[in-house]
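# Structural features, examined
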Number of protein chains: 2
Amino acid sequence: MAKRGPYEKGEAKRSEILHAALEIFAAEGYRGTSLRKVAAKCSLSLPGLMHYFDSKEDLLTQVLRMRDETARVRQAERADPHGYREIIREGAKTPGLVELFVSMAAAASDPAHPAHAHFAERYPVLRERVADFVRDGVAEGRISSAVPPERLAVLLIAVADGIQLQWLIDRSTDMEQPIEDLLSVLDPRTAPDGA
Amino acid sequence: MAKRGPYEKGEAKRSEILHAALEIFAAEGYRGTSLRKVAAKCSLSLPGLMHYFDSKEDLLTQVLRMRDETARVRQAERADPHGYREIIREGAKTPGLVELFVSMAAAASDPAHPAHAHFAERYPVLRERVADFVRDGVAEGRISSAVPPERLAVLLIAVADGIQLQWLIDRSTDMEQPIEDLLSVLDPRTAPDGA
DNA sequence: GTCTATACGACGATAGAC
DNA sequence: GTCTATCGTCGTATAGAC
């Protein structure tokens, strides 16, 4: 809707708030970041900020949603339709944001949490994208068909999420090596040493 | 340390607090559980509880440590020296505790967090245990040696941690299937369909 | 619709009496 | 070792100016 009108300014401010929140959480982590800090960064009072969001959890959920969206767009621009490796790299790099993602996923285990819906729809979509990647790999002979693509997708996503936990504790952890190891093990062309 | 004396009661109370905290977090989740609730369950005031712990994060860290310890003992009793599958199952079942584990791992990304040291020493130990399991598997021909055991260990732990995130959102997720799939793919005896 | 001011209840934490 | 009392900060709720 390219509708001009009274909503224009509000949407701009809402976007400014989301970007400011993202920046602060990236810099200072999930813990110890208050809404008052975010409000101050936007030259706003706390209630002024809350005018745009239902709650702190709602704001955080939208920050996560925005991150996912920009990552998705960037990926589409590269004409990398189901580059599984890119899906992995997208989340990484910034400890504060990985911490945000993991913390939100934990909190979203409560079905009443605003982020629950986000994750509940994100995982099936992600699974389907990765399953497509797997199907392509199978067709090209890069990936074994011993396990159904849907189940391999669950496995690949688990590796991507899980390695982030290890990386959060030890930043020297190589987040791409396990992925490459798994893909290499899945590759039928890699002659397995038959016992 | 069979020393009798003034510490006896204190240690008992400390243990009671840890068990009470574990129970409450298991039942009500990580969010929305306050120290005052834990204190009440122990017939104690908040400061009375804080006498035993430096901070909330310190208490939570010790809860996690206790869980790890009991799981380790239970495993040793079974003479299941490096049962990798048991390591996986140990964490599961209770959403509140999985949520606690994931939340703590995220918070522990800060080196100043009391749980950081716990995870920082836990992961290498876990990695070594799983690597032993892998080495046994390689010796028995159950696991391919295409990837070094140390790297397979990282991969296996990532799967175990990562699948928990998916399970937190969708409880119908099978947490053992991806593990079995991975082990099956790693098995050289499973004839790969050569393209 | 956008925003400020003010206030509320609950939290984790601490000081000091007993 | 345990208490009462209190502190500062958090997220949230409401009233009302523009």
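These numbers were taken from a predicted model, which means no experiment stands behind them.

Following the criterion strictly, the structure yields 28 salt bridges over all chains and no others. With a shortest N-O distance of 3.0 Å, Asp68(B) and Arg122(B) are connected by a salt bridge. Here Asp68(B) is found in helix α4 (residues 56-77), whereas its partner Arg122(B) is found in helix α7 (residues 114-139), with 54 residues between them in sequence. In this structure Asp68(B) comes out as partly exposed when scored by relative accessible area, which is 23%. Taking relative accessible area as the criterion, Arg122(B) reaches 13% and is therefore assigned buried. It is possible to trace a salt-bridge network through shared partners that takes in Glu128(A), Asp132(A), Arg135(A) and Glu150(A).

With numbering matched to this structure, UniProt assigns "DNA-binding region" (unreviewed entry) to residues 34-53 of chain A. Secondary structure within residues 34-53 of chain A divides into 60% helix and 0% strand; the distance between the first and last C-alpha atoms comes to 14 Å.

Around DNA strand D, the structure places 17 residues, and the nearest of them are Arg36(A), Leu46(A), Lys56(A), Ser45(B) and Tyr52(B). The sugar and phosphate moieties of DNA strand D supply 60% of its atoms located within 4 Å of the protein. At 3.3 Å from a phosphate oxygen of DNA strand D is found a side-chain nitrogen or oxygen belonging to Ser34(A). One of the backbone N or O atoms of Leu35(A) is found 3.1 Å from a phosphate oxygen in DNA strand D. Of all elements in the fold, only α2 (35-41) and α3 (46-50) of chain A together with α3 (46-50) of chain B reach the threshold of two or more residues within the surface near DNA strand D. Class assignment for the residues of the surface near DNA strand D results in eight nonpolar, six polar and three charged.

What counts, and at which threshold
- Residues numbered from 1 in each chain as written.
- Chains lettered and ligands numbered in written order.
- Predicted model: local features only at pLDDT ≥ 70, side-chain atom pairs only at ≥ 80, totals over all residues.
- Heavy atoms only, no water.
- Salt bridge = Lys/Arg side-chain N within 4 Å of Asp/Glu carboxyl O.
- Helix = DSSP H or I, 4+ residues; strand = E, 2+ residues; numbered from the N terminus.
- Buried < 20%, exposed > 50% of the residue type's maximum accessible area, 1.4 Å probe, protein only.
- UniProt positions renumbered as here; feature names shortened; annotations may be inferred.
- Near = heavy atom within 4 Å.
- Polar contact = N/O pair within 3.5 Å; in protein donor to acceptor, adjacent residues only side chain to side chain.
- Nonpolar A, V, L, I, M, F, W, Y, C, P; charged D, E, K, R; others polar.

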